[in-house]
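# Tertiary structure, described
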Amino acid sequence: MALYRLIYVSQAIAGLEYRDLIEILQKSEFNNRRAGVTGMLSFGDSMFLQVLEGSRRAICETYNRILLDPRHTHAELIDFSEIDHRDFAIWSMKVLQLSNQEEVRNIILKYSHTETFSPISMTGLQSLNFLREITELYHKGAMDQ
Ligand code: FAD
């Protein structure tokens, strides 16, 4: 079956709290596992950057639900592509919070104009490579969470 990847960016509402992230993560893990969706959600400087992988129908249904969520606004699609394999297969969903840690800021700067996390200005490839490198840093155990 064909596989697809969707990447979008959005802005968190003011006052979003840590427990909101936990709630989003728990709901996403449950729903995505059932739908065969995998991916990652990065959060920093009030911005979300999320990648979703799976069948076209599962991704579209998930994304359509996410767009209705009042906990974020100004969602913009960055990439929707056919892929031959998943990059985030081990996670039905994972939330990684971007801290001010030097290694994290260096990865942000590598793909951005400044050290401020502004995924809205990233291309599809930049955002994918950014998510891959942040994931790699996490797997090395070198990321503050
Ligand atoms: P329910 O949990 O029963 O929710 C019903 C409705 O209430 C939905 O419209 C929901 O948006 C809204 N709602 C639920 N909790 C709250 C709350 N605390 N505050 C305000 N409104 C609320 N869901 C996924 O399944 N997969 C994902 O990968 C995923 N990623 C997300 C990424 C971001 C940045 C955000 C903000 C949300 C994400 N969600 C994700 C959550 C998604 O938006 C829906 O809330 C969820 O999928 C609805 O699940 P449900 O159909 O079981 O309905």
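Above this note sits the structure.
Numbering of residues starts from 1 in every chain and runs along the sequence as written. Only residues with pLDDT of 70 or above have their local features reported here, since the model is predicted, and side-chain atom pairs are shown and tallied only from 80 upward, although totals for entire chains, interfaces and linings are computed over all residues. The basis for every side-chain value is the complete set of non-hydrogen atoms in the structure, without hydrogens or water.

## Re the site of the ligand
Around the ligand, a shell composed of 18 residues is seen, among which Glu23, Lys27, Asn32, Arg65 and Asp69 lie nearest. In this structure, Asn32 approaches the ligand through a side-chain N or O atom, which is 2.9 Å from a nitrogen atom. Two N or O atoms form a polar contact when they lie within 3.5 Å of each other; inside protein one atom must be a possible hydrogen donor and the other a possible acceptor, and for residues adjacent in sequence the pair counts only when both atoms belong to side chains. Between Asp69 and the ligand, the recorded distance is 2.7 Å, taken from a side-chain N or O atom to an oxygen atom. Protein chains shield 70% of the accessible area of the ligand, which is 910 Å² for the free molecule. A run of DSSP states H or I qualifies as a helix once it reaches four residues; a run of E qualifies as a strand once it reaches two. Both are numbered from the N-terminal end. Mapped by element, the contributors of at least two residues to the shell around the ligand are helix H1 (18-35), strand S3 (47-54) and helix H2 (56-67). The dominant element in the shell around the ligand, judged by the number of residues it contributes, is H1, at 6 residues. Gly counts as polar in this scheme, as do all residues outside two lists: the nonpolar Ala, Val, Leu, Ile, Met, Phe, Trp, Tyr, Cys and Pro, and the charged Asp, Glu, Lys and Arg. Within the shell around the ligand, the residues separate by chemical class into 7 nonpolar, 6 polar and 5 charged. We call a residue near a molecule or strand as soon as one heavy atom of that residue lies within 4 Å of the molecule or strand. Using a 1.4 Å probe, accessible areas were evaluated by the Shrake-Rupley method; residue-level cover was limited to the displayed protein chains.

## With respect to the packing of aromatic side chains
Classification of ring pairs uses Phe, Tyr and Trp, with its six-membered ring standing for Trp, and accepts pairs whose centres are within 6.5 Å; under 30 degrees between planes counts as stacked, over 60 as edge-to-face, and the remaining range as tilted. A full pass over the atoms with the stated rule returns 5 aromatic pairs. Where Tyr4 meets Phe80, the ring centres are 5.4 Å apart and the plane angle is 10 degrees; that geometry is what we call stacked. Pair noted here: Tyr4 is in strand S1 (residues 3-12) and Phe80 is in strand S4 (residues 72-83), with a separation of 76 residues, a long-range link. Residue class for Tyr4 comes out buried when judged on its relative accessible area of 10%. When a residue's accessible area, from a 1.4 Å probe over protein chains only, is under 20% of the maximum for its type it is buried; when over 50% it is exposed; and in between it is partly exposed.

## Here we look at the pairing of strand S2 (residues 38-44)
Of all 7 residues that make up S2, 7 are buried, and the element is covered over most of its length. Along S2, one buried face is formed by Thr38, Met40, Ser42 and Gly44 and the opposite face, lined by Gly39, Leu41 and Phe43, is buried too. Only when DSSP finds a minimum of two bridges between them are two strands counted as paired. Where S2 and S3 come together, 7 bridges link them in antiparallel fashion. The residue bridging Ser42 from the neighbouring strand is Leu49, located in S3. Counting the residues that bridge the hairpin from S2 to S3 gives 2 residues, and of these Asp45 lies at a positive phi of roughly 50 degrees.

## Examining the environment of Leu109
Tracing the backbone through its elements, the reader meets Leu109 in helix H3 (residues 102-110). Those residues within four positions of Leu109 in sequence are excluded, and the remaining contacts are Thr114 and Glu115. For this analysis, residues touch if any pair of their heavy atoms sits within 4.5 Å.

## Thoughts on unusual backbone geometry
We note that Ser46 has phi near 65 degrees; this positive angle belongs to a residue other than glycine. Judged by relative accessible area, Ser46 falls into the partly exposed class, the value being 40%. Of note in the backbone geometry, His74 takes a positive phi value of approximately 50 degrees without being a glycine. Inspection of the secondary structure assignment puts His74 in strand S4.

## Examining helix H4 (residues 124-139)
Between its first and last C-alpha atoms H4 spans 23 Å; for 16 residues at 1.5 Å apiece the expected length is 22 Å, and the two agree. Listed in full, the buried residues belonging to H4 are Gly124, Ser127, Leu128, Phe130, Leu131, Ile134, Thr135 and Leu137. Packing partners of the buried residues in H4 comprise S1, S2, S3, S4, strand S5 (95-97) and H3. Count one or two residues on from H4 and you reach Gly141, which has phi positive near 75 degrees. Expected span, for any helix, means 1.5 Å times one less than how many residues it has.

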